[in-house]
Amino acid sequence: MLSKNLLTETQELDLVLKNTSNNDFMRSLNTPFILVECKNWSSPVGVAEARVFESKYREAGKKVNLGIFIALNGVTKPFKRH
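Residues numbered from 1 in each chain as written. Predicted model: local features only at pLDDT ≥ 70, side-chain atom pairs only at ≥ 80, totals over all residues. Heavy atoms only, no water.

Asker: Which parts of the structure should I look at to understand the overall build of the chain?
Answerer: Looking only at helices and strands, the chain has three helices and four strands in total. The helix and strand sequence of the chain, counted from the amino end, reads β-β-α-β-α-β-α. Counting contacts in the chain only where the partners sit at least 6 residues apart, residues at least 24 apart contribute 51% of the total. Accessible surface for the chain amounts to roughly 5800 Å². Of this, 53% is attributable to carbon and sulfur atoms. (Helix = DSSP H or I, 4+ residues; strand = E, 2+ residues; numbered from the N terminus. Contact = heavy atoms within 4.5 Å. Areas by Shrake-Rupley, 256 points an atom, 1.4 Å probe, with all protein chains shown as cover.)

So this is what it looks like as structure tokens:
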């Protein structure tokens, strides 16, 4: 893990993982870093949070080619469609 609860000028990132894996699949992703968003909400996460995570992912640019969204109580249908 590179950073937990990283605060930048514009956002908070729950986890930023440095991809140092020797696994062929992980290397094939060509991603130096992996963004992880974690939600431990009592209800499913809505599409607004998907959009927020998407913007974080896009702002990371070429340094990130993989983002993982973890929602312990699931996501809504609009989230899935997005």
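Asker: Honestly, the packing of aromatic side chains in this entry has me stumped. Any pointers?
Answerer: Note on aromatic pairs: each is described by the distance of the centres and the angle between the planes. According to the stated counting rule, one finds two aromatic pairs in the structure shown. Ring geometry for F53 and F69: centres 5.6 Å apart, planes at 75°, overall edge-to-face. With F53 in helix 2 (residues 47–60) and F69 in strand 4 (residues 64–71), the pair connects residues that are 16 residues apart, well separated along the chain. Among the residues examined, F53 registers a relative accessible area of 11% and is labelled buried. Each member of the aromatic cluster is reached from another via a ring pair, and the members are F53, F69 and F79. (Phe/Tyr/Trp six-rings, centres within 6.5 Å; stacked < 30°, edge-to-face > 60°. Buried < 20%, exposed > 50% of the residue type's maximum accessible area, 1.4 Å probe, protein only.)

Asker: Just checking my understanding: could you explain unusual backbone geometry for this structure?
Answerer: If a residue is not glycine, its phi is most likely negative; likewise, a peptide bond is most likely trans. Even without being a glycine, N30 presents a positive backbone phi close to 50°. You can call N30 exposed: its relative accessible area is 59%.

Asker: Can you help me understand helix 2 in this one?
Answerer: The periodicity of an α-helix, 3.6 residues per turn, causes residues three or four positions apart to be oriented the same way. Over its 14 residues, helix 2 runs 20 Å from end to end, which matches the ideal 20 Å to within 8%, given 1.5 Å per residue. Among all positions in helix 2, only V47, A50, F53 and K56 are buried. Close packing links the buried residues of helix 2 with strand 2 (12–18), strand 3 (33–39), strand 4 and helix 3 (77–81). Positive backbone phi, at 70°, marks G61, one or two positions downstream of helix 2. (Expected span 1.5 Å × (residues − 1).)

Asker: Would you mind going over the pairing of strand 3 with me for this structure?
Answerer: Strand residues, when the strand is regular, have side chains that alternate between the two faces of the sheet. Summarising burial for strand 3: five of the seven residues are buried, a large majority. Both strand 2 and strand 3 contribute to a ladder of four bridges, which runs antiparallel. The residue bridging V16 from the neighbouring strand is L35, located in strand 3. Where strand 3 lies against strand 4, seven bridges are found, and the strand directions are parallel. Along strand 4, the bridge assignment pairs C38 with I70. In this fold, strand 3 hands off to helix 2, which returns the chain to strand 4; that crossover is right-handed. (Pairing = 2+ DSSP bridges. Right-handed = clockwise from strand over helix to strand, strands pointing away.)

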